[in-house]
Amino acid sequence: MSCEEVSDQMSEEELAAYEEAKSVTHELDAEDAEEAEDEEEAAAISAGAYNANEVNDSIFEELHMEPMAVQEVKDCWKAYINGAESRDAVGEAIYAALFDAAPSLQGMFKTPRAIMAIRFMNGLNHIVNSLHDPKALKIIVETLGFQHLDLEVTPPRVVIFRDAITELFQDELGSRFSNIARQGFGTFLNYVGGSYIYIRVKYAERLTCLAKSWASANNRALEDDVGSPEDAEKSDSGPPPQEAPDASAKKGSKKA
């Protein structure tokens, strides 16, 4: 049955509902196609276990991104910095974007806002500038992870941070912030956040064990230097007292 025949057999209300259903179907199909395209691009950007959609906190490996994606991320980062008044302003904008998206996260950080903003800026700058070198990037992320062991980083919080950063760049750069750049930013931000979680979970127990062992070794060394408590008590008490001679024995010797 053709569309014209279907239209002839429908009332105006039915026809309007039919046309609306067709429009919704087309929109859903377009959204599905766009999502599929995004997933393909995300898979193409990083050939490993990391992507822009999921936070992988079960492993900590090197991040290998496609050179095209790395260059897009670096270009957008450079464009954003050059368009800002200063690097401090960049850090402040990142700080504001993050905590505007999730004000409750402010309680995680005890450092003053100005200092924290600079740290955000410097940390991201080191990461972005090392995306082309997976080994160097892994060392930087590992170092930052150890510095953030006291923070309870979780996948939902990583997603909040990731989305806040990508939306900030989208608002500031507009069409310059391409889909490849967005996927690239999402990928390395997920990588960093997932690595923080992995380091905190996997290494915290080891660090606690090392701290206890170090404290125990220091205590033993201190005891060796000053002596054991038993030795200290003996030295404080002095030599043992000598027994007084038996009086009866002295009298017996005089008689003899």
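Residues numbered from 1 in each chain as written. Predicted model: local features only at pLDDT ≥ 70, side-chain atom pairs only at ≥ 80, totals over all residues. Heavy atoms only, no water.

### Topic: the side chain of N190
If you trace the backbone, N190 turns up in helix α8 (residues 179-226). The exposure class assigned to N190 is buried, which follows from its relative accessible area of 1%. For N190, the side chain forms a polar contact with the main-chain oxygen of N51, separated by 3.1 Å. (Helix = DSSP H or I, 4+ residues; strand = E, 2+ residues; numbered from the N terminus. Buried < 20%, exposed > 50% of the residue type's maximum accessible area, 1.4 Å probe, protein only. Polar contact = N/O pair within 3.5 Å; in protein donor to acceptor, adjacent residues only side chain to side chain.)

### Description of the pattern of salt bridges
Scanning all chains against the criterion turns up four salt bridges. For R176, the salt bridge goes to E72, with nearest N and O atoms at 3.9 Å. Pair noted here: R176 is in the loop between α7 (155-173) and α8 and E72 is in helix α3 (residues 67-83), with a separation of 104 residues, a long-range link. According to the relative accessible area criterion, R176 is partly exposed, its value standing at 34%. Of the charged contacts, one joins R162 and D163 as a salt bridge, the two residues approaching to 3.0 Å between their closest N and O atoms. By relative accessible area, D163 is classed as partly exposed at 29%. Three or more residues joined by partner-sharing salt bridges are found here, namely E72, D75 and R176. (Salt bridge = Lys/Arg side-chain N within 4 Å of Asp/Glu carboxyl O.)

### Quick look at the layout of surface pockets
If you roll a probe as big as a water molecule over the atoms, it shows you where there is empty space left. Each pocket or cavity is described by its volume, and for the largest pocket that value is around 810 Å³. As for the largest pocket, its lining consists of 32 residues, of which F109, F120, H148, L151 and Y196 are closest to the centre. Mapped by element, the contributors of at least two residues to the lining of the largest pocket are α5 (113-128), α6 (134-147), α7 and α8. In terms of residue count, α5 provides more of the lining of the largest pocket than any other element does, eight residues in total. (1 Å grid on protein atoms, 1.4 Å probe; cavity = no way out; pocket = protein on both sides within 12 Å on 5 of 7 lines; lining within 4 Å. Points joined across faces, edges and corners; volume = space filled by probe spheres on them.)

### A look at the nonpolar core
Counting residues in each nonpolar core, the largest one holds 54 residues, and the members touching the most others are M65, W77, F120, F185 and F188. Elements with a minimum of two residues in this core: α3, α4 (87-101), α5, α6, α7 and α8. Among the elements that line this core, the one with the most residues is α8, at 11 residues. In this view, F120 contacts I94, Y95, L98, F99, F109 and F161; residues no more than four positions away in its chain are not counted. (Core = buried A, V, L, I, M, F, W, Y, C linked by side-chain atoms within 4.5 Å. Contact = heavy atoms within 4.5 Å.)

### What about a nonpolar patch on the surface?
A grouping of F146, L207 and L210 is seen on the molecular surface, where their side chains present a nonpolar patch of about 260 Å² in accessible area. By secondary structure assignment, the location of F146 is in helix α6. (Patch = residues over 30% accessible without salt bridge, like charges linked within 9 Å, V, L, I, M, F, W, Y side chains within 5 Å. Areas by Shrake-Rupley, 256 points an atom, 1.4 Å probe, with all protein chains shown as cover.)

### Focus: the packing of aromatic side chains
For the structure on display, the rule yields 12 aromatic pairs. Pairing F60 with Y198 gives two aromatic rings, centres 6.4 Å apart and planes at 45 degrees, and the pair type is tilted. Taken as a pair, F60 in the loop between α2 (12-45) and α3 and Y198 in helix α8 lie far apart in primary sequence, 138 residues in all. Overall, the relative accessible area of 18% leaves Y198 in the buried class. Here the aromatic rings of Y95 and F120 are separated by 6.1 Å at their centres, their planes lie at 45 degrees, and the arrangement is tilted. Taken as a pair, Y95 in helix α4 and F120 in helix α5 lie far apart in primary sequence, 25 residues in all. Each member of the pair, Y95 as well as F120, is classed as buried. (Phe/Tyr/Trp six-rings, centres within 6.5 Å; stacked < 30°, edge-to-face > 60°.)

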